[in-house]
Amino acid sequence: MSFQSDIIAAIASGHGASAIGVIRVSGAGSHRLALSLCEDIKKKPEPRKLYLSWLRRPDTGERLDQALVVFYEEGASYTGEEAVEFFCHGGTLVMQSVLEALIALGARHARAGEFTKRALLNGKVDLVQAEAIPLLSEARTTRARDLALQALSGKPSKEILSFHNRIVDILAEVEATLDFAEEDGVEVDIAEVTKGLESLLDEATRWVQDGIASLPLINGVRVAIVGPPNAGKSSLLNAILGRKRAIVHPEPGTTRDIITEHLVLSGIPFVFADTAGLRETSDAVEKEGVALAKQALSEAQIVVLVVDPRDTDPETESLKLPRKPDIIVLSKADLWRDGGEVNFSTPVIKTSIYMPETIASLREHIQRLGASMFSHAKSSVLSTERQIEACSKAISAISSAILALRGGEPLEVVASMLRNAAESTAEILGFRVAEDVMERIFERFCVGK
Ligand SMILES: Nc1nc2c(ncn2[C@@H]2O[C@H](COP(=O)(O)OP(=O)(O)O)[C@@H](O)[C@H]2O)c(=O)[nH]1
Ligand SMILES: [Mg+2]
């Protein structure tokens, strides 16, 4: 038996042995395809009911598992298509054999994210909701989970859609003035339009600010550990993590690649990056490492400069960096005596990997810094960098439209800027705008006549 339509199948639960493993099948014809594996379901199954059945490959007669099977009708599944889910025993071989049997029957392997992509195409979710799904499964903190759940709920999408509609309304007004320039009584109120756009601008600006403040709570606050070679950076990362992650060696220039590690400190996720020691070098690989270190430094939200005060003056070293460090660590404190207090505006912490209390105080300091930088982030309408970028494009288009209106530029110019703005907000939700704008304009057109 083979099925013509594009039925996709995949193991939907995590890898490795588990109590239960889920296999998802989606596409028109998936019920019939799945049923040909189910020995115990004789009649047409009712949707959304669990059926217990032995699974047997029809082509080889081989028994694969005893599973719970649920059937979803078109329009009432995750993807919006006719779909089936198998709750198998969670053995790797079991799940793999059931999947292979489905493939042999005519399904094909789903591509990454394809179920969600189909859900998007079938209007089950918009792009903001779709993007919340990986955020949710990757959430490391309750804050990240809350933001993802909020995005998934569709509430932010509604706000974005209403924002988009307000732009389209204003655009329609401007377009109407253009279309009926000769007729009486059709003229846009410039002051009113400008006011409307200004309030949109304020709102979008707030969204972007909240989004930027929230992203580190999802992706992790980036902490770059930088400093000269042999200062003890890798040892410090290991000590912070409480396990040996980075290679530590007395020879300078050991760390070349960036080593990143996630760590949650009191509910705030951090991504620590151990970097190659910053120095001039002729070694090609080390040079790459130094370039990567500089990049990590520029992308970091918190920069920790590590120096062994016996070798390096922290102040001079600090000045060499492209940006001021947030914390200066004077390392290997077990090997030196205090030579008087250092007087910096930057907080200075003395550490030794052999003095656990110094590491604890460094961790606490980093945690507090992260909390002070990002804890104010409230719930955010925007939850990914892509959404923030698209919203920023809308902001600049709206700003240009306001300037054009103030400068008395032709309405055609204003309209084209507003069209750009509407396209950017539509991009956040994942739909094309041209059609939509046309429809809205057409609606008005009819009413106006
Ligand atoms: N005594 C002492 N030695 C340390 C300390 N931290 C690092 N070292 C040593 O300093 C050398 C360089 O350390 P490493 O972490 O590789 O430095 P990096 O090049 O900055 O990453 C190694 O031999 C470490 O064992 C410390 O707190 N106390
Ligand atoms: Mg190192």
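Bear in mind that the values here come from a model prediction, so they are computed numbers and not experimental data.

Burial within strand β5 (residues 83-90) is extensive, with six of its eight residues counted as buried. Bridge analysis of strand β2 (residues 18-26) against β5 gives eight bridges, and the strand direction is antiparallel. Its bridge partner lying in β5, Ile23 is registered against Phe86.

Counted by the stated rule, this structure contains 24 salt bridges. Residues Arg63 and Glu39 are paired through a salt bridge, measuring 3.1 Å at the closest nitrogen-oxygen approach. Here Arg63 is found in strand β4 (residues 63-72), whereas its partner Glu39 is found in the loop between α1 (30-35) and β3 (50-56), with 24 residues between them in sequence. When its relative accessible area of 42% is taken as the criterion, Arg63 is described as partly exposed. Its relative accessible area of 21% is what places Glu39 among the partly exposed residues. Ionic pairing is found between Glu286 and Arg279, a salt bridge with its closest N-O pair at 2.7 Å. Classification of Glu286 as buried rests on a relative accessible area of 4%. Here the salt bridges share partners, and the residues they tie into one network are Asp6, Glu81, Arg108, Arg111, Glu114 and Arg118.

All right, on to the domain arrangement of the protein then. With domains assigned, the protein is organised as domain 1 (8-121), domain 2 (142-216 + 382-448) and domain 3 (219-374). The C-alpha-based centres of domain 1 and domain 2 are spaced at 42 Å.

Using the criterion set out here, one finds three aromatic pairs in the structure. Measuring from centroid to centroid gives 6.1 Å for Tyr51 and Phe71, while their planes differ by 75 degrees, and the two rings are edge-to-face. Of this pair, Tyr51 sits in strand β3 while Phe71 sits in strand β4, placing them 20 residues apart in sequence. Using a relative accessible area of 0% as the deciding quantity, one classes Phe71 as buried. Considering the side-chain rings of Phe163 and Trp207, the 5.0 Å spacing of their centres and the 45 degrees angle between planes classify their relative orientation as tilted. In this pair, Phe163 sits in helix α6 (residues 155-179) while Trp207 sits in helix α7 (residues 190-219), placing the two residues 44 residues apart along the sequence. Here the two residues Phe163 and Trp207 agree in accessibility, since each one is buried. Of note, Arg24 hangs over the ring of Tyr78, and the distance from its end group to the ring centre comes to 4.4 Å. Sitting over the face of the ring of Trp54, Arg63 holds its NZ or CZ atom 4.0 Å from the ring centroid.

Each value, and the rule that gives it
- Residues numbered from 1 in each chain as written.
- Chains lettered and ligands numbered in written order.
- Predicted model: local features only at pLDDT ≥ 70, side-chain atom pairs only at ≥ 80, totals over all residues.
- Heavy atoms only, no water.
- Buried < 20%, exposed > 50% of the residue type's maximum accessible area, 1.4 Å probe, protein only.
- Helix = DSSP H or I, 4+ residues; strand = E, 2+ residues; numbered from the N terminus.
- Pairing = 2+ DSSP bridges.
- Salt bridge = Lys/Arg side-chain N within 4 Å of Asp/Glu carboxyl O.
- Domains from an automatic or database assignment.
- Phe/Tyr/Trp six-rings, centres within 6.5 Å; stacked < 30°, edge-to-face > 60°.
- Lys NZ or Arg CZ within 6 Å of the ring centre and 35° of its normal.

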